[in-house]
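Fold and geometry: a report
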Amino acid sequence: MARSVLVVEDERKLRELLRAYLERAGFAVYSTGSGAEAIGLARERALALIVLDLGLPDVSGEEVMREVRAVGDVPILVLTARASEEERIRGLELGADDYVTKPFSPRELVLRAQAIVRRGRGDTRAGEEDLVTFGEGELAIDESRRHASVRGGVVTLTPTEWGILAALATTPGRVFSRAELINRVRGYEFEGYERTVDSHVKNLRRKLELDPRTPRIIETVLGGGYRLGLRRDG
Ligand code: CA
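I will try to describe carefully the structure that is included in this document. If you're wondering where the values come from, they're calculated on a predicted model, not measured in any experiment.

1. Some words on the coordination of the calcium ion
- Of the protein atoms, only Asp10 (OD), Asp53 (OD) and Gly55 (O) coordinate the calcium ion, at distances of 2.2 to 2.4 Å.
- Within one chain, the residues serving as donors to the calcium ion are arranged as D-x42-D-x1-G. Residue Asp10 is located in the loop between β1 (4-8) and α1 (12-24), and its partner Asp53 is located in strand β3 (residues 49-53); the two are separated by 43 residues in the primary sequence.

2. Some remarks on the nonpolar core
- One finds Ile50, Leu139, Leu165, Leu208 and Ile218 to be the most contacted residues of the largest nonpolar core, which totals 51 residues.
- At 7 residues, the largest contribution of residues to this core is made by helix α6 (residues 159-170).
- Three or more residues apiece are contributed to this core by two domains, here domain 1 (4-120) and domain 2 (128-228).
- Those residues within four positions of Leu165 in sequence are excluded, and the remaining contacts are Leu139, Ile141, Ala148, Leu157, Leu204, Leu208, Ile218 and Leu228.
- One finds Val5, Leu14, Val51 and Leu109 within the second-largest nonpolar core, a separate group that totals 19 residues.

3. Notes on the sheet that holds β1
- Pairing is parallel across the open sheet formed by 5 strands, whose spatial order is β2-β1-β3-β4-β5. Each of the sheet's edge strands pairs with one partner strand only, and the pair in question is β2 (28-32) and β5 (98-101). Within the sheet, the average angular offset between the axes of one strand and its neighbour, ignoring direction, is 15 degrees.
- Bridging between β1 and β2 involves 5 bridges; their strand directions are parallel. Of the residues in β2, the one forming a bridge with Leu6 is Tyr30.
- Docked against the sheet, helix α2 (residues 35-44) engages β1, β2 and β3, running at close to 165 degrees with respect to β1.

4. Details of the sheet that holds strand β6 (residues 131-134)
- Spatially, 4 strands are ordered β6-β7-β8-β9 in an open sheet, and the strand pairing comes out antiparallel. Of all the strands in the sheet, just β6 and β9 (153-155) have a single pairing partner and so form its edges. In this sheet, neighbouring strand axes are inclined to one another by 25 degrees on average, regardless of whether the strands run parallel or antiparallel.
- Pairing of β6 with strand β7 (residues 139-142) involves 4 bridges; the strand directions are antiparallel. Across the sheet, Val132 pairs through a bridge with Ile141, a residue of β7.
- Helix-sheet contacts for α6 involve β6, β7 and β8 (147-150), and the interaxial angle to β7 is about 105 degrees.

What counts as what
Residues numbered from 1 in each chain as written. Predicted model: local features only at pLDDT ≥ 70, side-chain atom pairs only at ≥ 80, totals over all residues. Heavy atoms only, no water. Donors = N, O, S within 2.8 Å, 3.2 Å for Na, K, Ca; no water. Helix = DSSP H or I, 4+ residues; strand = E, 2+ residues; numbered from the N terminus. Core = buried A, V, L, I, M, F, W, Y, C linked by side-chain atoms within 4.5 Å. Buried < 20%, exposed > 50% of the residue type's maximum accessible area, 1.4 Å probe, protein only. Domains from an automatic or database assignment. Contact = heavy atoms within 4.5 Å. Pairing = 2+ DSSP bridges. Axes fitted to C-alpha atoms, helices over the stretch in contact; angles between N-to-C directions.

Next up, the structure:
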């Protein structure tokens, strides 16, 4: 079955170009130039990815992202018009999984889209649980289902957040540099990746920590990176 991608871009030519490239790569494509319509589509359709232009005429891309995040964890690839670090970081802080700065090569965008969709796809081994717990059950991770829970409650994570948590959990206590984390998650580094990792860790902490200001699950190691602060059980 074709994976569905929603393209949200108000420049018609660019929208059509993206549709053509993504369809050629085997995706089923919905497209719209309206943020409001995008929010509706994201609620109704089972999407594997949203490609979202931040500069929309009706509803801002940030608002679209907030609405989409409120109802689910579909990966979002953000298109930004300016090479503005601030805009990019804002998008990532709202939970975007990747970004591309205009002008970009459609081929590169398709490669990024494929990488995100691959990452977001859980293992399909039905019913097979692979549960590992940390901190006397405080955190539980099911690698095969790409599923995490904290203090008994399920947490929904974006593919990038999941990737960072899963990487840290491979070796509790070991310090992972930001470059190492981004490489594990994306397979490559890019300009600004340090702040990107920090943004995703911030979001992860908001979801996992009792008090995100004094994190105990994902610890910061000054000058080093991050580590899982809980011990593996058993
Ligand atoms: Ca635009």
